[in-house]
Each structure stands twice: as structure tokens, then as C-alpha cells.
Amino acid sequence: MRDRLRNLDWIDLFLWIVRAAIVAVILVGTVKTILNNPYTLRNWEDFIIFGIAQGSMYALIAIGYTLVYGVLQMINFAHGEFFMSGIFASTSAVAIPLARAGYLASHPIPSLLLIALCSILISISISLLTERIAYRPLRHAPRLMPLITAIGASFFWQYYFRGLFGSQVIPFPDIPQLEGTVPFLHTQVLKSHVLVIFVTLVVLVGLNFFITSTRPGKAIRAVAENKDVAALMGINVNRTISLTFATGAAMAGVAGMLYALVFHQVHFFMGFIPGIKAFTAAVLGGIGSIPGAAVGGLFLGLFESLGPSLFLQSLGIPAFNQLKDVIAFTMLVLVLIFRPQGIVGERLKEKKA
Amino acid sequence: MSFFKDLDLRKLGMQLLVASIITLSVSAIGMVELFGGRFVITGLFTMAQILFLGPTAFFAYRAAQEAPAGKKWLGLLKALLLGVGVGIVMFTFVWLAQNFDVRSVFINISPRLINILSFEHAGGATTLFLALVGSALAGGALALVPDKLRKALLLGASITLLVGLLSEILAERLRSLFSSQLSSAIIASKALQVIPATVLFVLVSAISYLRQSGRIGTGKIGPDLKPSQAKIVRTALISLLLLVLPMLLGSYLTEVTNNIGLFFLMGLGLNIVVGLAGLLDLGYVAFFAIGAYTMAALTSTGHLGVAGISFWVALPICVAVAALAGFILGMPVLRMRGDYLAIVTLGFGEIIRILALSDLMKPYIGGAQGILNIPKPTVGDLALIRPEQMYYVILIGVAIAMFMSTRVRDSQIGRRWMAMREDEDVAEAMGINLVNTKLLAFTIGAGFSGLAGAIFASKLGSIFPHSFNLLISINVLSLIIVGGLGSIPGTLVGAIILVGLPELLREFAEFRWLAYGVLLVTMMLSRPEGFIPSETIKRELHAGDEAAEQAG
């Protein structure tokens, strides 16, 4: 027993050193930046608005992780592919033909709605297929098995869509009406960022209504609470789980649409990194909690957008923007190690885990 | 109405849908076109035809098998319906592709694809329809054949297919080992000739059939030996074969064998981490990279080399550094639950890859340009430059790793790992220190991977961060899952299938990751214990079946 305690002690010590080192890096970097002040106020505002726009996308994707985790206690590794499939397919098959026909430029609103609808529907179908084929048969298997099929499904969809639409980066057609900026307070904001933030807000409010006040939404919560009791209450558990996947995938489809509007390009591999980052956001907010996912997404987006300039640059790191992804991944590792229950979220109940 | 009930139209419709989707998919994602030029039997049929006719035959067979006993003819009717259904779908597909511009969206639906699908002649859509119906009927007929004969026929067909696909390499070997006449008599223009193919098919099928009926081959060959003596003889034979293997295989195949060996080495390490200890590590490539970069930095004669020591001195250092990295990275992460561990290790792998690419580390490890001028290992004055020479280095590494992992698996530590894999709480209650035990698995696994990385760096002579992406981790994970988690021979078989085959079938490399994805899902669904399962895992996974059987 004493042996064991001593053992835990030095690992704890190691963890404390890691924690202290990271806090030191952030503090020293931030203080130096504040003293040097290399950016104008305008720059910082741009960083913040970009962070919020990016964070909105993370939030939307993170909801898919959190919903599925809440219901099945499983990390849906293929969720990034749901995000990719919708917008990748509808860019190639809908947006580009529309742009070629000139309809996109003349009627931007119906075309964008059509593209978004296709993106959502394709994401939903991919998620339902994946759930039915790769997850449902393994619902009672050891935890490792659905995780492995999830990895398999993820690779399958990536390379399937690569085969269908090609491996090159496909540019999303420009929409003239969405270019340029609008004044906001005393600064200028890109129109596409305004659209992203607005759409995210609307979708989140809609989702909240769906989950809290409609019958299917209540069924999802009941199944998340306890599958057996929910089944006894007359809820079709299988159908509710499918619905959960579909809801998450619909959010991913919207996020895909917003991604294309902000970054103007799609690619078969585009789901991987946003997928992991959104998972980080979901964990940050406390996995299983929907408001948590939204807050976690925003937080991660801001942190990632501000981080490199705030505390990496002044430490004299060359080409500090290359390390943007490292910030997100480090955050992921740190949160999972130190606060797996999330920063703002509820503590996971023992029986669920 | 019992006729329709027996026909089970709902299920048949489902099978029709799945068969159509698969056939459409293999065409639309470019697989058919890619294999269009790959004849299996010269002038007779290509791999592409197997790809677009095979799914129909398979689902027709499945549908026919489900026909109720006593009404076996119904099976043929079901197969016919299915064939007609898929035929109509594919006919429409070809018609659409010929009359509309679909290529601007689906880049792989090319005129060449349509040519292949319509058997290279005008009006071939009808031929395609007939071929699909024909293969569905063949599949249905297969369901009527007695079990033993069916197994024999399928085995014969798959062996013939495999030999046909690998015939290019086979021809080269036959030429250099025997004579070019023999080679061209059997293999012409990269495919089997008709007569040798028929002979091979009949021979394999006949032997398999007779073996199943117990008429030949079940008896012992050679003199009677005690089990212990037999084991010595077997080991001696295998060692001898392994020693002369490069001479039999030639340069190219030896190079492939070397790659298999390196992945096998990594597989052995990951097998300890995932297979025995049950810790899903998706950042395994990080240790491979650490081993490779350590070797590069220690031995390189370029400007990034720091020590300039020899391969043999650097090798143990590389293993130690990788193991230490495993220990340090393992410490914080090993307390978390299984699925979180997978994501964290994935994050670690990506962090290391991005750092290796960044300007921050460029002065030390070269950024995207990597480290060049890594010398080959030397023995005395002889530098081991050719793959046939590197083979022995890898063989020694594999032998050491196999010996170690067998010993560790059967030791008390191995049992602790397996106990932990089954149930952490129970294992802890039994007095197992979870963190230490996990750390040990992580460290040993990392060491194996570092060894593979070090040899890899020296074999290639230069290393770049792009060689160390997530796909390597997924590749190693796939091969131990396909072979059988926790099983050492399984890992070898997995490495041969997943590393060897894609290198031999170069067209296949394009769809390697797609196939891995399918393989991971289907293995988990139908054979989670792998092709060559370890005894314990098999028992565990099928415990439920036995209990159900006993319960009646």
C-alpha cells in the first residue's frame, strides 16, 4: 500500500510540473505580448470575431459528439466524416453546377438554402447508414469494438468520397453578395462571419427547443437517462438512437455549409482536424451536455484564434501560426488528463461511464 | 400466398438494394476502371469484371441459400430476380452515363469505365445486363451444390484468382529461377494462361474436396517423431527457409518482405499495448518517428547529424529513447478510460507530427526537408546496401521482438495485462497496480516501435515528417485486428495481407485505405477475434455463444 501511494505521488508530481510549465508559458507569453503590444486594437477585434465564427462551427460539430455520447456513451469517431460528406458532396454536385448555370449569382438565397439542405440531408443519410451498419450490431460488445468500427467507418467514408468526387481541393463558388464587410460598433466585420454567427445562433435556439420541448427531443433525453426504462415507457430505443445520430449529423451538415462559406474550399480530408477539435470542444464543455458543447466550441475557437498571437509570438517562436493546431491538440490532451468532466459541464455520473 | 412468403420479397428487395449500391459504388469510385487492364486469365476475364459481377453473384448466393428447405428451386428464382434487378440498375447507369454529362460531378465515371462495363463493344449495356443475370444465376446455383464441393470450388477459384493477380511477379521469379520458356508457357502478358489456370483450379479444388472427404492428406507425412523432436525439426526447417529466403525471392520481393518485417515489428509492439493490455493507442506512429529521428540524428553524416556514431551503437539508444518517450507520454494519460485514451494518444501523435514539420524544430530535425545522409548499417567493411542484406538486420530485429513478446506474454506480467484488459476493477482488487502495469505495456510497445523506426531510417537513408502520419498508426492497428488481437502469428498474417498485398497489387494501393475501412468494420462485425485468433480472446468473445448453446 505504501508502495502504491509513493507511486501515485511521483506521477502526481510529474503532472503538477506539466501543469505549472504550461501555465508559465501562457503567463510569460501573455505578459510579454501585453508589454510589447505588437497589434492594434483593430487586430485583436479581428482575432476575436474570427474566433467566434470558427468557434460557432466547432460548437455545431461538437453537438453531434455530445448527443451521441450522451445516449450511447461512445465516441463517434466518424462524426468528422458526417461533417465532410455533406458539404463535400453538395459542393461538387449542387453548388458548382448552380454556379455554372449562373443561378447562384442571380438568386443567392434560394441556392444557398438548397445547398445547405442537400448538405444536411447527405450528412444525415451517411450518419444513419453508419449507425445501422457499424454501430448498432455492436451495441452490447466491449467498448473497444465500436471504437474500432468507428475508425474503420471514418476511413471508409473519406476514401469513398475521394473516389466519387476526386482528391483535389474543390473551391466553393464565390457569392458576390456575401463578400465585403459590414460596420459593427466601431469596426468592420466580414459579412460571411456575420452570417455564420447568426445561423449558429438560430440553429442552437432551434435545437434547444427541439430537445427540451418536443416529443422526439424528450425521447432522446429519456434514452440518454436510461435506455431500459425508456423502452418500458414505450419509447422505440433504436429509432431514438437513429434520431440522435440524425440530429447530430444535421448540425454537422449546417457546420459544413458555414465552413464552405468562410474558407471557400472543400476537400475529402477536411473532416479530420475539425472533427478532433470539435471533440475537444465537447469535452471542454463536459461531454454529454449540449449547452456545454456550445460554450466549449466558442471557447476553443477563441483560444485558438487568439493563442498564437497572444502567447506564442512573443516567446520568439518562429512561424508561430504553424502551431495553431498544436494549441488545440494540447488543449485536448490537457483537458482529458486534468479535467475529463469538462470546465463548465456537469460531472458524468458514475453509472453512465 | 405461401409462395410469396417463401420468396421473402422484403428481404430480397434489401439484398437487391445492397448489391446495386455496391456495384454502382465500385464503378463510380473508380475501382472498376483501375482494374480494367488487369487480366486474371489472359484474354478471358479481368479483375474489373470480378469487381462488378462479384457482388451480384454473392448476394444471389445469399438469397438462394435462404430459400426454405424442400423448395430449393425457389432459390434459383430469387437469384434470377436479383440478377434482373441489378441488371436493370446497371443498364440504366450505363445509359445515363452515355447520354448525360455526369463526369463533371463524378470524376471517375469516364468513357473508359463505360467501355469496361459494356465489355468493350457498342450496345454492350445489354451484354452487361445478361452478364449480371448470368452471374446471379451462377451464384444461385452455387447454393444448390453440396457443402463440401462448394468449399472446394470456392477455394480453387480464390487460389486461381490470387495466382492470376500476382502473376507478374511470379513470371519474373519463374524466369530467374527456372527458364523463360516455362514462365511464358504459364503466364503471358501479366496473367495466367487458360490451360495452367484450369489445371490449377481443378487441382486445388480436387485436393480440397478429397481432403474434406478424408480420403487423402490427413495422415502424417514423413517418419514418426515425438512431439518435442517434431518441434525441433519444424523450427530448424523454418529457420533454414528464412535464411535463404532472399535468394528465392529476388530484390523486389525481398524489399516487400522487409516492409512486411518492419510493420510486423511495430505490430508486435502494438499487440502488447492493444491486444494484451487493452489500451487503444492511436498515436503509435509517434514512437516510430522518435526511433527514426533518433537514429537519423545520431548517425547522419549530413549537417543535422550530432554524433556520427555507427548504426549498431545507435540502435539500442534509439530503442531506449523511444521507450523513455513511451514512459513519459504514458504517465499522464494512462489513468483515463479506454476511449479517452484513444483520442489523447491520437492528439499526441498529431502534436509530434506538427512539431516535426514546424519551423520551431527545424534547426534540429530539418522541418519538411527532413534529415538526409543516414548511413546504412555496416558489418566489418561491408555496408548493407541491398535489400537482401537489410533483410537479415530486420530478421534479427523481428526474431528478438518475437522472442521477447512470447516470453512476456506467457510471464506473470502478460497475465496481469490480460487480467487488466478483461476488467480493470477486478484486476485492481486482485492486487495489480494498474498504472505500473499499463506503463510497462506502453513502454515496451514504444520500444518495439522505436526499433522499427530506427531500422526504417537506416534502410531509407533519409527521413521526412510526412512518412510519420496517422495512417501508419491505423495501418498497424488494422493489421493486428485482422490477424487477431493478442495473437503473434496473427500479427504476421495481418502484416502479410495488409502490407504485402497492397505492394504487390500496385493498383490496389489507391484504394488501400478504403479497403482497410471496410476490413475493420467487417472484421469487427463478423470475426472480431481475427483470422488467427489467440485462444483467450476467442474464448472470451464466444463465451456468450457457448452459454446460449448450453441453455439450448
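Located above this text is the structure these notes cover.
Scope of this entry: the structure provided in the associated data block. As the structure is a computational prediction, the values presented were derived from the model and not from experiment. (Residues numbered from 1 in each chain as written. Chains lettered and ligands numbered in written order. Predicted model: local features only at pLDDT ≥ 70, side-chain atom pairs only at ≥ 80, totals over all residues. Heavy atoms only, no water.)

Overall, the coordinates contain five cavities of 30 Å³ or more when judged by the stated rule. As a volume, the largest cavity reaches approximately 100 Å³. Around the largest cavity sit 13 residues that line it, and A:Tyr65, A:Phe77, A:Phe272, A:Gly275 and A:Ile276 are the ones nearest its centre. Those elements giving two or more residues to the lining of the largest cavity turn out to be helix H3 (79–101) and helix H11 (272–284) of chain A together with helix H15 (338–357) of chain B. Take the lining of the largest cavity: its biggest share by element is four residues, from H11(A). (1 Å grid on protein atoms, 1.4 Å probe; cavity = no way out; pocket = protein on both sides within 12 Å on 5 of 7 lines; lining within 4 Å. Points joined across faces, edges and corners; volume = space filled by probe spheres on them. Helix = DSSP H or I, 4+ residues; strand = E, 2+ residues; numbered from the N terminus.)

What follows covers the interface of chain A and chain B. Between chain A and chain B, the residue contacts involve 58 residues of the former and 55 residues of the latter. For the chain A face of the interface with chain B, the top three residues by lost area are A:Ile148, A:Phe155 and A:Tyr159, together amounting to 11%. At the surface where chain A touches chain B, the tally comes to zero salt bridges. Taken together, chain A and chain B are joined by three residue pairs in polar contact (both at pLDDT 80 or more). Among the elements that line the side of chain A that touches chain B, the one with the most residues is helix H6 (residues 144–165) of chain A, at 16 residues. Considered class by class, the residues forming the side of chain A that touches chain B number 43 nonpolar, nine polar and six charged. (Contact = heavy atoms within 4.5 Å. Buried area = accessible area lost by both parts, 1.4 Å probe. Salt bridge = Lys/Arg side-chain N within 4 Å of Asp/Glu carboxyl O. Polar contact = N/O pair within 3.5 Å; in protein donor to acceptor, adjacent residues only side chain to side chain. Nonpolar A, V, L, I, M, F, W, Y, C, P; charged D, E, K, R; others polar.)

Here four bridges tie strand S2 (residues 181–184) of chain A to strand S3 (residues 187–190) of chain A, and the two strands are oriented antiparallel to one another. Paired with A:Pro183 across the two strands is A:Gln188, which belongs to S3(A). (Pairing = 2+ DSSP bridges.)

Residues and elements named next belong to chain A. Running from N to C, H11 and helix H13 (residues 324–338) cross one another at 40°; their axes reach a closest spacing of 9 Å. Classed by the angle they form, the pair H11 and H13 counts as oblique. The two elements H11 and H13 cross, and the hand of that crossing is left-handed. Residues Ile 273, Ile 276, Lys 277, Phe 279, Thr 280, Val 283 and Leu 284 of H11 pack against Asp 325, Ala 328, Phe 329, Met 331, Leu 332, Val 335 and Leu 336 of H13. When grouped by side-chain class, the residues that make up the contact of H11 with H13 number eleven nonpolar, one polar and two charged. (Axes fitted to C-alpha atoms, helices over the stretch in contact; angles between N-to-C directions. Parallel < 35°, antiparallel > 145°, perpendicular 65-115°, else oblique. Left-handed = near helix turned anticlockwise from the far one by under 90°.)

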